[in-house]
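Descriptive analysis of the structure
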Amino acid sequence: EDKVVQSPLSLVVHEGDTVTLNCSYEVTNFRSLLWYKQEKKAPTFLFMLTSSGIEKKSGRLSSILDKKELFSILNITATQTGDSAVYLCAVDALLRGGADGLTFGKGTHLIIQP
Amino acid sequence: GAVVSQHPSWVICKSGTSVKIECRSLDFQATTMFWYRQFPKQSLMLMATSNEGSKATYEQGVEKDKFLINHASLTLSTLTVTSAHPEDSSFYICSAWTGTAGTFGSGTRLTVV
């Protein structure tokens, strides 16, 4: 059975700190790994990673994938209170029969204190 | 803990037929469940919020007569796509609210032919 494990489950830091969120996975027929930020009801897409070792960046956020060790990290530098959210990792894989599907981790609840 | 089971994983149906997707919280009670549809470029669109024992709250632009949601118990919500058409082909995923966070099901790939 496909599995996606995120750590830590929750994290409280002060504004300005740098945080690293982890996502490890065990899936067959891996296609891509996705990171989302969930503040309200609908997760906002952040990154899609398909290749190992290539860092994706968007402002203060960056992410990288290691397909050999089966994990990804999401870094946030110079954190701000607006970064407080649940960060979700999901893996897109081919299911049996050829359909693709997303398997989500349980998320990391990040709280940034002023 | 906090496991959500979604069924079926994959369904192919003929145009004009209806399809029911189930979302179950296996080890907790969820008074609120969310239904999403995945669009290109990996965005997830919230379709509706399902509340146990009451009518679902639909997001703007989502046809409530086409996407019927029933949340009859604290552990089960269903989404029925009525009179499905090829443009309804998509990945549908549910999330059950534990009280502090949402736990996602494994999703359903719907293909309408």
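What comes next is a walk through the structure.

Cut-offs and rules
- Residues numbered from 1 in each chain as written.
- Chains lettered and ligands numbered in written order.
- Predicted model: local features only at pLDDT ≥ 70, side-chain atom pairs only at ≥ 80, totals over all residues.
- Heavy atoms only, no water.
- Helix = DSSP H or I, 4+ residues; strand = E, 2+ residues; numbered from the N terminus.
- Rg over C-alpha atoms; globule rule 2.2 N^0.38 Å.
- Buried < 20%, exposed > 50% of the residue type's maximum accessible area, 1.4 Å probe, protein only.
- Areas by Shrake-Rupley, 256 points an atom, 1.4 Å probe, with all protein chains shown as cover.
- Lys, Arg positive; Asp, Glu negative; His and termini not counted.
- Charge placed at Lys NZ, Arg CZ, Asp CG, Glu CD.
- Salt bridge = Lys/Arg side-chain N within 4 Å of Asp/Glu carboxyl O.
- Disulfide = S-S within 2.5 Å.
- Phe/Tyr/Trp six-rings, centres within 6.5 Å; stacked < 30°, edge-to-face > 60°.
- Contact = heavy atoms within 4.5 Å.

What follows deals with the overall build of chain B. Check the secondary structure of chain B and you find 0 helices and 11 strands. In sequence order, the secondary structure elements of chain B are arranged as β-β-β-β-β-β-β-β-β-β-β. Computed over its C-alpha atoms, the radius of gyration of chain B comes to 13 Å, within 12% of the 13 Å expected for a compact globule of 113 residues. Based on the C-alpha atoms only, the size of chain B along its principal axes is roughly 35 × 25 × 25 Å. Buried positions account for 49% of the 113 residues belonging to chain B. Carbon and sulfur atoms form 53% of the exposed surface of chain B, whose accessible area is close to 5,400 Å². Separation of charge centres in chain B, based on 9 positive and 8 negative side chains, amounts to 5 Å.

Looking only at helices and strands, one finds 0 helices and 11 strands in chain A. N-terminal to C-terminal, the α/β element order of chain A is β-β-β-β-β-β-β-β-β-β-β. What you see for chain A is a C-alpha radius of gyration of 14 Å, in line with the 13 Å of a compact globule of 114 residues. With the principal axes as the frame, chain A shows a C-alpha extent of 50 × 30 × 20 Å. Burial statistics for chain A: of 114 residues in total, 43% are counted as buried. Only carbon and sulfur atoms are counted for the fraction: they give 50% of the accessible area of chain A, which is about 5,700 Å². Across chain A, the mean location of the 12 positive side-chain charges is 4 Å away from that of the 12 negative side-chain charges.

Moving on, we come to the pattern of salt bridges. Residue and element names in this part refer to chain B. Applying the stated criterion across every chain yields a total of 6 salt bridges over all chains. The partner of Arg24 in a salt bridge is Glu22, with the nearest N and O atoms 3.5 Å apart. On the accessibility criterion, Arg24 (34% relative accessible area) is partly exposed.

In a disulfide, the sulfur atoms of two cysteines are covalently bonded to one another. Under the definition given, this model contains 2 disulfides over all chains. Sulfur-sulfur distance for the disulfide between Cys23 of chain A and Cys89 of chain A comes to 1.9 Å. Measuring the twist about the S-S bond at about -65 degrees, one finds the Cys23 of chain A-Cys89 of chain A disulfide to be left-handed. Separated by 66 residues along the polypeptide, Cys23 of chain A in strand β3 (residues 19-26) and Cys89 of chain A in strand β9 (residues 85-94) bring together distant segments of the chain. Taken as a pair, Cys23 of chain A and Cys89 of chain A share a single burial class, namely buried. Residue Cys23 of chain B pairs covalently with Cys94 of chain B via a disulfide, S to S 2.0 Å. The S-S bond linking Cys23 of chain B to Cys94 of chain B shows a torsion near 80 degrees; that makes this disulfide right-handed. Pair noted here: Cys23 of chain B is in strand β3 (residues 19-25) and Cys94 of chain B is in strand β9 (residues 90-97), with a separation of 71 residues, a long-range link. With no disulfide of its own, Cys13 of chain B lies closest to Cys94 of chain B among cysteine sulfurs, the gap being 18 Å.

To describe a pair of aromatic rings, one takes the distance between the centres and the angle between the planes. Residues and elements named next belong to chain B. The final tally for this structure, using the stated rule, is 8 aromatic pairs over all chains. Considering the side-chain rings of Tyr36 and Phe104, the 5.7 Å spacing of their centres and the 35 degrees angle between planes classify their relative orientation as tilted. Within this pair, whereas Tyr36 is found in strand β4 (residues 32-38), its partner Phe104 is found in strand β10 (residues 102-104), the two being separated by 68 residues in sequence. Take Tyr36 and Phe104: they sit in the same class, and that class is buried. Summarising the aromatic geometry, the rings of Phe67 and Tyr92 are spaced 6.3 Å apart at their centres and angled 45 degrees between planes, so their arrangement reads as tilted. On the criterion of sequence distance, the pair formed by Phe67 in strand β7 (residues 67-73) and Tyr92 in strand β9 is long-range, its members being 25 residues apart. Of the two residues, Phe67 and Tyr92, both sit in the buried class.

All names here are of chain B. Along the chain, Val11 turns up in strand β2 (residues 10-13). With a relative accessible area of 17%, Val11 lands in the buried category. Residues Val11 and His85, 74 residues apart in the sequence, show an inter-C-alpha distance of 13 Å. Here Val11 is in contact with Val19, Thr108, Arg109, Leu110 and Thr111, once residues within four sequence places are set aside.

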